[in-house]
Amino acid sequence: MGTTLREIVYDIGGGIQGGGQFKAAQTGGPSGGCIPTEHLDVKMDYEELMKLGSIMGSGGLIVMDENSDMVDVARFFMEFCVDESCGKCVPCRVGTKMMHDLLQKVCENKATQLDIERLEELAVYVKECSLCGLGGSAPNPLLSTLRHFRHEYDTRVQTVIKSENLVHQ
Amino acid sequence: MMALVTIYIDDKKIIANSEKTILEVARENNIEILTMCHLKGLTDVGACRLCMVELEGSPKLFSACTTKVAENMIVTTNSERIKRYQRITTELFFAERNHICAVCVSNGACELQNLGYKVGMEAIRYPHLFPQCDVDTSHPLYVMDQNRCISCSRCIRACAEVEGAYNWDMMGRGYQIRVISDFNTPWGESTTCTSCGKCLQACPTGALWAKSIVQGQQDKHPEFITDLMERRKMKL
């Protein structure tokens with residue numbers, strides 16, 4: 001408790017495998033959040049992680065280098081939540097599936113700006129309306145990647161607009 | 001132990017029985033709270049999340065059907081946030097299965113359809129899942145159409161709590177859950193079903209219907225379930 005993320009990754013863990021650049025760390029398992037490079041010196045405890053939109057959760061730590069695609073990371077974790085949802089309440093049962101399908105659309109460069117807005121709205125809705133903690137934390141990877149890696153979503157959307165423009169011209 | 005408490009719902013001061021839920025108190029005082037999985041008489045499960053209300057002093061939302069009233073509770077049922085969430089929930093219901101009102105037996109008498117009107121749903125902004133669903137016509141009197149099921153579990157509870165037959169149950173998980181008869185065997189082969197038709201009356205959509213009726217002619221009476229339970233309580 002209180003050890004910085006930098007110490008864990010570089011001192012205890014021995015740095016990034018293959019000498020790559022640190023990009024993000026997912027804390028707290030699939031329902032936690034991503035922490036970007038600028039917060040490498042965050043102290044690993046409940047309050048500090050909460051401020052960054054992440055959690056201690058299971059204590060799991062996944063470190064990613066610059067080759068990681070953050071939208072795909074969000075999609076991967078959402079897939080886990082879709083599988084884990086019990087199906088009792090609507091926000092978690094349908095909401096996680098919708099968020100997964102929309103993230104898949106972003107991954108395939110087929111999304112529009114409207115889809116990103118839908119994702120943002122759904123994420124907060126599922127978080128606030130779900131019956132239990134699974135739905136309450138399922139949107140965390142999506143919300144934290146939207147918060148810290150918004151540009152990765154935007155570039156995917158922009159490519160769509162550009163190709164559409166090409167067709168019209 | 002019963003006690004009287006003072007609560008405020010949308011600025012209306014109400015003296016209520018502390019044994020009751022926010023939903024019960026609101027309905028008794030003509031304050032509308034939208035619901036789908038609630039049916040008076042059956043146990044509340046808080047699954048549809050339509051009845052979410054704001055309580056002053058908490059950033060969290062609470063389901064009115066499963067939260068009991070407490071002294072000085074200040075409840076908001078009609079904020080912009082609540083209305084927006086109700087609309088999303090409704091859209092998700094429609095996007096989840098294959099709800100096509102024009103060809104449905106319950107057209108015009110459907111709780112889901114009415115909900116759509118009530119929340120002012122103009123379009124479904126989410127990609128439809130269009131799942132492959134089964135229609136079970138093996139029962140001599142009734143049909144179970146998974147395409148129109150919203151997984152509210154009212155049929156399951158009516159069968160278990162009112163009729164005591166335990167024919168219905170839920171199978172699978174996540175968006176793949178399905179209401180099943182016995183051990184996922186055809187309804188017509190059920191050894192538990194008494195063909196009483198209570199599940200039919202409890203169903204808010206056209207998922208359960210009687211074979212004798214045609215498109216748009218289904219007339220459901222969920223109040224039968226409520227009345228039965230009221231009379232049973234009074235030992236009439």
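Along each chain, residue indices are assigned from 1 in the same order as the chain's sequence is written. Lettering of chains starts at A and numbering of ligands starts at 1, both following the order in which they are written. Totals for whole chains, interfaces and linings use every residue, but because this is a predicted model, local features are given only for residues with pLDDT of at least 70 and side-chain atom pairs only at 80 or more, for both listing and counting. Excluded from the side-chain calculation are hydrogens and water; included are all heavy atoms of the structure.

Next up on the list: the sheet that holds strand β3 (residues 52–55) of chain B. All names here are of chain B. Any two strands are treated as partners once DSSP identifies two or more bridges connecting them. Secondary structure follows DSSP: runs of H or I at least 4 residues long count as helices, runs of E at least 2 residues long count as strands, and numbering of each begins at the N terminus. Read from one edge to the other, the open sheet built from five strands follows the order β2-β1-β5-β3-β4, with strand pairing classed as mixed. Two strands in the sheet have a free side with no partner beyond their single neighbour: β2 (12–17) and β4 (61–63). Ignoring which end each strand starts from, the neighbouring axes of this sheet average 40 degrees apart. Two strands pair when backbone bridges link them, and strand β1 (residues 4–9) and strand β5 (residues 73–76) are joined in this way by three bridges, in the parallel orientation. In the strand pairing of β5, isoleucine 7 is matched with methionine 73. In this analysis, two residues are considered to be in contact whenever any of their non-hydrogen atoms come within 4.5 Å of each other. Note on geometry: axes are lines fitted to C-alpha atoms, helical ones only across the stretch in contact, with angles between N-to-C directions running from 0 to 180 degrees. Strands in contact with helix α2 (residues 80–96) are β3, β4 and β5; relative to β3, the strand with the most contacts, it is inclined by about 160 degrees.

Okay, the sheet that holds strand β3 (residues 61–65) of chain A next. All names here are of chain A. Taking strand neighbours across the sheet as the criterion, the three strands line up as β2-β1-β3 in an open arrangement whose pairing is antiparallel. In this open sheet, the two strands that pair with only one neighbour each are β2 (33–36) and β3. Between one strand axis and the next, the sheet turns through 25 degrees on average, direction left out of account. Pairing between strand β1 (residues 22–27) and β2: four bridges, direction antiparallel. Counted as the bridge partner of glutamine 26 is cysteine 34 from β2. Sheet contacts for helix α1 (residues 5–12): β1, β2 and β3; angle to β1, the most-contacted strand, approximately 110 degrees.

The subject of this paragraph is the nonpolar core. Counting 48 residues, the largest nonpolar core has A:Leu122, A:Leu142, A:Tyr153, B:Leu92 and B:Phe93 as the members making the most contacts within it. Mapped by element, the contributors of at least two residues to this core are α3 (70–84), α4 (90–107), α5 (113–129), α7 (140–148) and α8 (150–168) of chain A together with α2 and α3 (111–118) of chain B. Residue contributions to this core peak at eight residues, all from α4(A). Not counting chain neighbours up to four residues away, the residues in contact with B:Leu92 comprise A:Val90, A:Val94, A:Gly95, A:Met98, A:Leu122, A:Tyr125 and B:Tyr126. The definition of a nonpolar core used throughout is a set of buried Ala, Val, Leu, Ile, Met, Phe, Trp, Tyr and Cys residues joined through side-chain atoms within 4.5 Å. Exposure is judged per residue with a 1.4 Å probe applied to protein chains only, and the accessible area is read against the type maximum: over 50% gives exposed, under 20% gives buried, and values in between give partly exposed. Grouped together as the second largest cluster of nonpolar side chains are 19 residues, B:Ala16, B:Leu23, B:Val25 and B:Leu55 included.

On to the packing of aromatic side chains. Within 6.5 Å between ring centres, the rings of Phe, Tyr and Trp (the latter by its six-membered ring) count as paired, and their orientation is classed by plane angle as stacked under 30 degrees, edge-to-face over 60, tilted in between. This model, assessed by the stated rule, comprises four aromatic pairs over all chains. Seen from their ring centres, A:Tyr125 and B:Tyr85 are 5.5 Å apart, and the 65 degrees between their planes marks the pair as edge-to-face. Of this pair, A:Tyr125 sits in helix α5 while B:Tyr85 sits in helix α2, on two different chains. We note that A:Tyr125, like B:Tyr85, is buried. Chaining the aromatic ring pairs together yields one cluster made of B:Tyr142, B:Trp168 and B:Trp187.

Salt bridge criterion: a side-chain nitrogen from Lys or Arg within 4 Å of a carboxyl oxygen from Asp or Glu. Enumeration over the complete set of coordinates arrives at 25 salt bridges over all chains. Linking A:Glu121 and B:Arg84 is a salt bridge whose minimum nitrogen-to-oxygen distance equals 4.0 Å. Highlighted residues: A:Glu121 in helix α5 and B:Arg84 in helix α2, drawn from two different chains. For B:Arg84, a relative accessible area of 34% puts it in the partly exposed group. Close ionic contact of B:Arg81 with B:Glu54 constitutes a salt bridge, the shortest N to O distance being 3.1 Å. Here B:Glu54 lies in strand β3 and B:Arg81 lies in helix α2, a separation of 27 residues in the sequence. B:Glu54 gets classed as buried once you look at its relative accessible area, which sits at 17%. Among the ionic contacts, a cluster of salt bridges with common partners joins A:Glu121, B:Arg84, B:Glu91 and B:Arg125.

Right, let's talk about the interface of chain A and chain B for a bit. You'll often see interface size given as the accessible area lost when the parts meet. Of the residues lining the interface, 26 residues belong to chain A; the matching set on chain B comes to 27 residues. As a working definition, buried area equals the accessible area (1.4 Å probe) given up by two parts on being put together, with both sides summed. Of the roughly 2300 Å² buried where chain A meets chain B, counting both sides, 62% is carbon and sulfur surface. For the pair chain A and chain B, the number of links is five salt bridges. Note that A:Glu128 is salt-bridged to B:Arg81, the shortest N-O span being 2.5 Å. In protein, a polar contact means a hydrogen-donor-capable atom and an acceptor-capable atom, both N or O and within 3.5 Å, with residues adjacent in sequence counting only if both atoms are side-chain atoms; elsewhere, any N or O pair within 3.5 Å suffices. Our enumeration of links across chain A and chain B arrives at 15 residue pairs in polar contact (both at pLDDT 80 or more). Residue assignment for the side of chain A that touches chain B shows that the elements contributing at least two residues are α3, α4 and α5 of chain A. In terms of residue count, α4(A) provides more of the side of chain A that touches chain B than any other element does, nine residues in total. A class-by-class count of the residues in the side of chain A that touches chain B yields 13 nonpolar, four polar and nine charged. Residue polarity follows a fixed list, in which Ala, Val, Leu, Ile, Met, Phe, Trp, Tyr, Cys and Pro are nonpolar, Asp, Glu, Lys and Arg are charged, and the others, Gly among them, are polar.

Residue and element names in this part refer to chain A. Parsing chain A into structural domains produces domain 1 (5–65) and domain 2 (70–154). Computed over C-alpha atoms only, the centres of domain 1 and domain 2 are separated by 21 Å. The partner domain 2 presents 14 residues to the 15 residues of domain 1 that form the contact. A buried area of about 1200 Å², summed over both sides, lies between domain 1 and domain 2, and 64% of it is on carbon and sulfur atoms. Contact with domain 2 buries surface across domain 1, with Lys23, Pro30 and Cys34 losing the most and accounting together for 40% of the total. One can count one salt bridge joining domain 1 with domain 2. What marks off one domain from the next here is an automatic or database domain assignment.

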